[in-house]
Amino acid sequence: LLMALFLPDMWVILNQADNSVLDVLLTLVGVLFVFEVSVQSIGMHKTYLYSFFFWMDVLGAASLLLDLSYITQLDQEVGGDDVSNNVIIMRAARIAKLGARAGRFTKLAKLLRFLPGMSNVDDGAGTAKLISSKLITALSTRTSCLIILLVMIMPLFNLWAYPEEDWSPNSFINILEACYMRYPARFQQQLTEITAFYDQKSYHPWRVRARSMEHPVEVTNALPWDSPKGPPRRMSNNVVFTSDHLIVEFNFMSPNQLDAWMNIILLLIVMILMIAFSLILSQSVSSIVLTPLEQLLTQVRQMASTIFQSVTDMEVVMKEEAKDDRSEESVEDAKKFGNETQLLAKVVQKLAVISEITMNKPVLDAQTLQNLAEGDRAVISGFQGTIQDTEFADRGDVENGLDMEAIELAQRAMVENAGLSMELIDSWNLNPLELDKARNHVAAMYFCSSHNHGVEFDSVVMGNFLSDAECGYVKSAPYHNWFHAVDTTHGVYRMLQLCAADAYLTREERYAVLVSAVCHDIGHPGLNNGFLIETSHELALRYNDKSPLENMHCSKMFELVGQARCNIFSTLSKTQYHEVRKVCVEAILHTDNAQHFSMIKDVQMLYEVNSDLWDASRNLFLQEDEPCLAQEAIDCLRLPDNRKLVVNLTLHTSDISNSMKPFRISRIWAWQVLEEFFVQGDAEARLGVPVQALNDRNTVNRPFSQVGFIEFLVSPLIFAAMKILPATEHLAVQMLMNARSWQKQWEAEGKVPPSDSDKKLLNERIIKMENKFRTCQAGKSPPEKLERN
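Residues numbered from 1 in each chain as written. Predicted model: local features only at pLDDT ≥ 70, side-chain atom pairs only at ≥ 80, totals over all residues. Heavy atoms only, no water.

Moving on to the overall build of the protein. Within the protein, the secondary structure is distributed over 35 helices and 5 strands. Expressed as a percentage of contacts within the protein between residues at least 6 apart in sequence, the contacts between residues at least 24 apart total 74%. Summing over all exposed atoms, the protein offers an accessible surface of approximately 40300 Å²; the carbon and sulfur share of this is 58%. (Helix = DSSP H or I, 4+ residues; strand = E, 2+ residues; numbered from the N terminus. Contact = heavy atoms within 4.5 Å. Areas by Shrake-Rupley, 256 points an atom, 1.4 Å probe, with all protein chains shown as cover.)

This part is about the side chain of S654. Locating S654 in the fold gives a position in helix α30 (residues 640-655). Residue classification places S654 among the buried residues on the basis of a relative accessible area of 2%. A polar contact is formed between the side chain of S654 and the backbone oxygen of G491, at a distance of 3.4 Å. Only 2.8 Å separates the side chain of S654 from the backbone oxygen of T650, close enough to count as a polar contact. The contact partners of S654, leaving out residues within four places of it in the chain, are T488, G491, V492 and M495. (Buried < 20%, exposed > 50% of the residue type's maximum accessible area, 1.4 Å probe, protein only. Polar contact = N/O pair within 3.5 Å; in protein donor to acceptor, adjacent residues only side chain to side chain.)

Right, let's get into the nonpolar core. Counting residues in hydrophobic clusters, the biggest one holds 102 residues, and the most contacted among them are I425, M462, F465, Y504 and F569. Core analysis: the next-biggest nonpolar cluster, separate from the first, contains 21 residues, I194, V208, W225 and F241 among them. (Core = buried A, V, L, I, M, F, W, Y, C linked by side-chain atoms within 4.5 Å.)

With that out of the way, let us pick up empty space enclosed by the protein. The full count for this structure, using the stated rule, is 4 cavities of 30 Å³ or more. Residue lining of the largest cavity: 10 residues in total, with L498, C499, F621, L629 and A727 positioned closest to the centre. Residues that form the lining of the largest cavity fall into these classes: 10 nonpolar, no polar and no charged. (1 Å grid on protein atoms, 1.4 Å probe; cavity = no way out; pocket = protein on both sides within 12 Å on 5 of 7 lines; lining within 4 Å. Points joined across faces, edges and corners; volume = space filled by probe spheres on them. Nonpolar A, V, L, I, M, F, W, Y, C, P; charged D, E, K, R; others polar.)

The next thing to look at is the pairing of strand β2 (residues 204-210). In the sheet, β2 pairs with strand β5 (residues 246-251) via 6 bridges, with the strands oriented antiparallel. Bridge pairing in β5 places P205 opposite F250. Pairing analysis gives 2 bridges linking β2 to strand β3 (residues 225-226), with the strands arranged antiparallel. Its bridge partner being in β3, R207 is matched across the sheet by D226. (Pairing = 2+ DSSP bridges.)

Right, let's talk about the pattern of salt bridges for a bit. If you walk through the whole model with that rule in mind, you get 16 salt bridges. A salt bridge links D436 to R439, with the nearest nitrogen and oxygen atoms 2.9 Å apart. For R439, a relative accessible area of 29% gives the class partly exposed. For the salt bridge of D468 with R565, the shortest nitrogen-to-oxygen distance reads 2.6 Å. In this pair, D468 sits in helix α20 (residues 459-472) while R565 sits in the loop between α25 (548-561) and α26 (574-589), placing the two residues 97 residues apart along the sequence. (Salt bridge = Lys/Arg side-chain N within 4 Å of Asp/Glu carboxyl O.)

Another aspect to go through is the packing of helix α2 (residues 20-43) against helix α3 (residues 52-62). Packed helix pairs are specified by the crossing angle of their axes together with the interaxial distance, meaning the distance between the axes. Viewed as axis vectors pointing N to C, α2 and α3 meet at an angle of 160 degrees, and their least axial separation amounts to 9 Å. By the angle between their directions, the pair α2 and α3 is classed as roughly antiparallel. Both α2 and α3 take part in a crossing whose hand is left-handed. Taken together, the residues of α3 that come into contact with α2 (itself represented by F33, E36, V37, Q40 and S41) are F54, D57, V58, G60 and A61. Looking at the contact of α2 with α3 residue by residue, the classes come out as 5 nonpolar, 3 polar and 2 charged. (Axes fitted to C-alpha atoms, helices over the stretch in contact; angles between N-to-C directions. Parallel < 35°, antiparallel > 145°, perpendicular 65-115°, else oblique. Left-handed = near helix turned anticlockwise from the far one by under 90°.)

This part takes up the packing of aromatic side chains. Under the defined criterion, the tally for this structure stands at 25 aromatic pairs. Centre to centre, the rings of F558 and Y577 are 6.4 Å apart; their planes meet at 85 degrees, and the pair counts as edge-to-face. Taken together, the residues span a long stretch of sequence, with F558 in helix α25 and Y577 in helix α26 at a distance of 19 residues. A residue is classified by how much of its surface remains accessible, and Y577, at 27% relative accessible area, is partly exposed. Centroid distance F704 to W746: 5.3 Å. Interplanar angle 45 degrees. Geometry classified as tilted. One end of the pair, F704, is in helix α32 (residues 702-724); the other, W746, is in helix α33 (residues 729-749), and 42 residues separate them in sequence. A relative accessible area of 8% means that W746 is categorised as buried. Here the aromatic cluster, defined as three or more aromatic residues joined through ring pairs, consists of F172, F197, Y198, Y203, F241, F250 and F252. The residue whose ring lies beneath R186 is Y183, and the NZ or CZ to ring-centre distance is 5.4 Å. (Phe/Tyr/Trp six-rings, centres within 6.5 Å; stacked < 30°, edge-to-face > 60°. Lys NZ or Arg CZ within 6 Å of the ring centre and 35° of its normal.)

The next thing to look at is helix α17 (residues 404-417). In this model, α17 (14 residues) spans 20 Å end to end at C-alpha, consistent with the 20 Å of a helix rising 1.5 Å per residue. Among the residues of α17, M404, Q411 and V415 are the ones counted as buried. Angular distribution of buried residues about the axis of α17 spans 45 degrees; they occupy a single face of the element. More than 90 degrees from the buried face of α17, the exposed residues found are E405, L409, E416 and N417. Of the surrounding secondary structure, the elements contacted by the buried residues of α17 are α18 (422-425) and α19 (437-447). In the segment just after α17, G419 is the residue with positive phi, at about 90 degrees. (Expected span 1.5 Å × (residues − 1). Arc of directions from axis to C-beta.)

The buried fraction of strand β4 (residues 238-242) is high, at 4 of 5 residues. Relative to β5, β4 runs antiparallel, the two sharing 5 bridges. What sits directly across from F241, in β5, is V248. In this antiparallel pair of consecutive strands, β4 and β5, the connection spans 3 residues.

Turning our eyes to something else, we now look at the confidence of the model for the protein. Chain-level pLDDT for the protein is 80 on average; 75% of the residues reach the 70-or-more range. Across residues 82-87 the pLDDT falls below 50, and counting only partners more than four positions away or on other chains, this stretch makes 9 contacts in the model. When the criterion is pLDDT under 50, residues 357-364 qualifies, and its contacts beyond four places in sequence or with other chains add up to 9 contacts. (pLDDT = per-residue confidence, 0-100.)

One can describe the packing of α32 onto helix α34 (residues 756-777) by two numbers: an axis separation of 10 Å at closest approach and a directional angle of 10 degrees. Relative to α34, the element α32 lies roughly parallel. Contact residues: α32 offers F704, V707, G708, I710, E711, F712, S715, F719, M722 and K723, while α34 offers L762, R765, I766, M769, K772, F773, C776 and Q777. In the contact of α32 with α34, the residues fall into 11 nonpolar, 3 polar and 4 charged.

Laid out in structure tokens, this is it:
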């Protein structure tokens, strides 16, 4: 590398006659460069080939071509006319020559790794030192390349500047040419005077000769003239100037040697800068990164050491069969705290083992409880409370002796006799506001039918329950009325159907969430929790300001069920009843919008913990013709906490699903809910309490408010839900279409036309939602599948 850097200039300084030996040496260096690149490409093809250092080596090897005289003809004499007439080209050639030298420095960047603080460290040296070493190497390498680029680029700015040029050689030959033509007798004197002028110059003419054989006698006596200093040894130092009758040859050995010295000094300065800046960066990174990181990771190491030992002890206790192997492994691993990342990986691995044991093998699972004596079960029950079967059990429908096909056929006949179509029932085009009382009753009966969940009940009792539930709703409420209850129950029915909930929810859970939808807003006065709390309403006082409406809905539902004629849970065992009651209460309480964002976080966490699993399940769903989830996803959803989350998510999503239905229906419901808000706003104004947002009928823009509702409330929920329940993706598609429809209506129907800036701002908000949808989508859903859903 040093030969490639300095030999071409040293050859000029040493004034060697030709470049033949230099060409041989540089050719050998080039061969070695190519050999080095080839060997590293073969031996380290994964880490070296096409890497940063690979391209630097290629550039360094290719730059050698500019110094080989049999390619560039560098050892030939230079024509003075060419220099005088095209200085820019000559200057560009000089810059190219300098660039060739600097290009070789790119190979020198590899050697920076051997400087103090930059050498590779062993993996056992610690995470902080490993990070510091890699950071220093990366920064130093790139800083060195920046210095090299500056050396190559800076001269380019003078390339087209007005050239600084010594015109004395041209003047010399022009004066001699004029004397030759006009005053031949003074030619000898003029030649002597002009050659004397160059005695103090670093370059000088060494020969003057005539171009033809015929010329005046005075000129014949003076020519040819040779300088006593003699000719240059190198042909490249010989610069020839010509006129009509004369040829003058100059010896530029000293300027070329000076130029070579300047090149060497520049290369040395670049080397010093590269090394100096690399060392400075090394010290800076050590003080800014290494020291604080070592302190931080020392604390991590100490904490992880404690966790590691604790987890080891727990694992030994719970896995007695692996005690000997685990203890031996733990003692050995406890000594290897040098690499924090390896330590933490082992801690996480052990925690995963414990998590798997805890989740899949509870201390008291169903089989263990079944094998216990009655006295032992009583002791555990007294300590734990009631013993509940929280595991998913696909008991099937044979247990109850239900003929699901017959029940479904009867229910379908009931629907069709009422003047409804199954096509309408099994679509999102159903709007209870457009149905009469009888048809809404029939629709609710069909949604709660046994064939949708598998739990047996008396159809007469269910009819009484639905009729009394309808009477329990406040008819004067514009939105939270019986029609909304039927609409929400239809949404739950559709989601259970589309998401194949029978694969991961128990019969009782599906039954519970359907009947919860029927009563989830029973008794709603058309006023929200904020109003009740602000005005110290009886409900707020009764339930201590904690979800007063939702607590009231739960209470009214079970007051209704408490009547024998409406007891739809009479066929359940005591254990099943407690399970269903718990699901109903949880689901209805989670319809409180105060639980909205915490539910979104829970769904997001469920996805993030097993993102690969959910992505694979979604791909399977898109490939299948029928709703289908991967078995791993089903197993995950069957876990008790996840089942509870899905039940709550299903009811809450259905409760606010109006924005995700066809725009014609969505618009009708939006007008209803806004009217209810305005009625409350009027009451707030009369009572002198603060009027809540969206409640002032004089200031709220209806279409604009719906875009905000979709953006800030609905879209975060459905975007999270579609990641684990891909069948809900079409709801998000319809929601975005509705946002665009609201945007058009806002622009067209506003009392005050919105400004262009307001239009642009709203459009950007909707585009942001659409981009978020594409991010959550993780692939394009087939249009035919969306249409089918």
